[in-house]
Amino acid sequence: MIWEGNLRKMRIEPGGGADEPLRYLEQGADVLDALPEQCWSDWLGQHLTLRFDGLIHCAATGKRIRKTYGDGLSYDAWLKAPQAVESVIRPELSRIHEGIALRDREWEERHHNVPHWVYLSQTSAIKVGVTGAHTGARRWYDQGAIAGTVLCVAPYRALAGEMEVLLKDVFTDKSAYRAMILATEPDVEALEDAREEAFDHLGTAFEDYMQFDEGVQTMRYPMTTLPAKVRSVRLDKQPVIEGTLVGLKGQYLVFDTGEAINIRSHIGYRVRIEVS
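Cut-offs used in this document
Residues numbered from 1 in each chain as written. Predicted model: local features only at pLDDT ≥ 70, side-chain atom pairs only at ≥ 80, totals over all residues. Heavy atoms only, no water. Helix = DSSP H or I, 4+ residues; strand = E, 2+ residues; numbered from the N terminus. Contact = heavy atoms within 4.5 Å. Phe/Tyr/Trp six-rings, centres within 6.5 Å; stacked < 30°, edge-to-face > 60°. Buried < 20%, exposed > 50% of the residue type's maximum accessible area, 1.4 Å probe, protein only. Lys NZ or Arg CZ within 6 Å of the ring centre and 35° of its normal. Core = buried A, V, L, I, M, F, W, Y, C linked by side-chain atoms within 4.5 Å. Pairing = 2+ DSSP bridges. Axes fitted to C-alpha atoms, helices over the stretch in contact; angles between N-to-C directions. Expected span 1.5 Å × (residues − 1). Arc of directions from axis to C-beta.

### With respect to the environment of Val128
1) Next: Among the structural elements, Val128 can be located in strand β9 (residues 126-132).
2) Next: When the C-alpha atoms of Val128 and Ala34 are compared, they prove to be 34 Å apart, with 94 residues separating the residues in sequence.
3) Next: Beyond its immediate sequence surroundings of up to four residues, Val128 is in contact with Val118, Tyr119, Leu120, Glu164, Leu167, Lys168, Phe171, Thr172 and Asp173.

### Quick notes on the packing of aromatic side chains
1) Next: Counted by the stated rule, this structure contains 10 aromatic pairs.
2) Next: Here the aromatic rings of Phe199 and Phe212 are separated by 5.0 Å at their centres, their planes lie at 55°, and the arrangement is tilted. Here Phe212 lies in the loop between α7 (188-202) and β11 (217-218) and Phe199 lies in helix α7, a separation of 13 residues in the sequence.
3) Next: Taking relative accessible area as the criterion, Phe199 reaches 7% and is therefore assigned buried.
4) Next: The ring of Tyr221 carries the charged tip of Lys249 above its face, separated from the ring centre by 5.4 Å.

### Details of the nonpolar core
1) Next: Within the largest apolar cluster, 43 residues are counted, with the highest numbers of intra-cluster contacts made by Trp40, Leu253 and Ile273.
2) Next: Going through the elements one at a time, β7 (47-56), β8 (116-122), α4 (138-143), β13 (240-249), β14 (252-255) and β16 (269-275) are the ones with two or more residues in this core.
3) Next: Not counting residues within four places of it along the chain, the set of residues in contact with Leu253 comprises Met10, Trp40, Leu245, Gly247, Leu248, Glu259, Ala260, Ile261 and Ile263.
4) Next: Counting residues in each nonpolar core, the second largest holds 20 residues, with Leu120, Met163, Ala194 and Met210 among its members.

### Focus: unusual backbone geometry
1) Next: You will see that Val31, though not glycine, has its phi angle at about 65°, which is positive.
2) Next: If you trace the backbone, Val31 turns up in the loop between β4 (29-30) and β5 (33-34).
3) Next: Overall, Val31 belongs to the partly exposed group, its relative accessible area being 26%.

### Side note on the sheet that holds β9
1) Next: Taking strand neighbours across the sheet as the criterion, the 4 strands line up as β9-β8-β10-β11 in an open arrangement whose pairing is antiparallel. Sheet topology places β9 and β11 at the edges, where each strand pairs with a single neighbour.
2) Next: Here helix α5 (residues 157-167) sits on the sheet in contact with β8, β9 and β10 (147-154), set at roughly 175° to β9.
3) Next: Along the sheet, α7 makes contact with β8, β9, β10 and β11, crossing β10 at roughly 20°.

### What to know about α7
1) Next: Taking 1.5 Å per residue, 15 residues should reach 21 Å; α7 reaches 21 Å between its end C-alpha atoms and fits that length.
2) Next: Every buried residue of α7 is accounted for by Leu191, Ala194, Arg195, Ala198, Phe199 and Leu202. Viewed along the axis of α7, the buried residues span an arc of 140°, placing them on a single side of the element. Facing away from the buried side of α7, by more than 90 degrees, are the exposed residues Glu189 and Asp200.

### Quick look at the sheet that holds strand β2 (residues 11-13)
1) Next: An order of β2-β3-β6 is seen for the 3 strands of this open sheet, with the pairing classed as antiparallel. Of all strands in the sheet, those with a lone pairing partner are β2 and β6 (38-39), marking the two edges.
2) Next: In terms of strand pairing, strand β3 (residues 23-26) meets β6 through 2 bridges, oriented antiparallel. Paired with Leu25 across the two strands is Cys39, which belongs to β6.

### Describing the environment of Met180
1) Next: Position of Met180 among the secondary structure elements: in helix α6 (residues 177-182).
2) Next: A C-alpha to C-alpha distance of 8.2 Å links Met180 and Lys249, two positions 69 residues apart in sequence.
3) Next: Not counting the four nearest positions on each side in its chain, Met180 is found in contact with Thr123, Ser124, Gln143, Gly144, Lys249 and Tyr252.

So yeah, pure geometry; function would need other evidence.
Right, here's the structure in full:
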């Protein structure tokens, strides 16, 4: 079969049963027109040839561009887009709970003036993060986490960001992609111990928001035998990627050659994928 279109972030959802791996779905677009959704995790074990023809279209305007900013945006769109506001990267900067919008009041009310999780997840290491409670575990799927746990639920984003800033003294907020892709066995005990350390570090000031009864959720990803080493490739430098698809983890497709491509970092790129 052949899939052709502009890439979008893959949508990841739970599998059919408790022990089933996550499912990966790609809708993609014809410039801006949505394409039928395709389950890419069904391609596991098949040979893929992915070709980039040099075309990139802004995911917001459809304008042809030479490079992307943020999630597939032109520079102009990135400067204006609500989803590129600085409080997305630094939650503690949000002020919408005070009635002050940094960029787009309606968008920030809907996405930032709502309950947020402060969480720990196991990716390449145990990391701290913040996500909207409405997003939930999907944030862990996008990160390629093999386990996650909710520490606190804050009523708005800035407060969750304040807690995250404190917890960065103890935990990283970054993932190393190679270790993330190759990590397959969750360490539930280590994550439970980290929960207790996080609660101690936050202290009584945030006790009202702590979720003491939350457990640890583990995740399985669609994978066969992973290569011993992986390296990330970009279509700008390598316009053809070919090999057997052996795994999908986070927003990466992983091939038996050891090459891995981050689909999210290629939003807007127009590609042709031959599946055999």
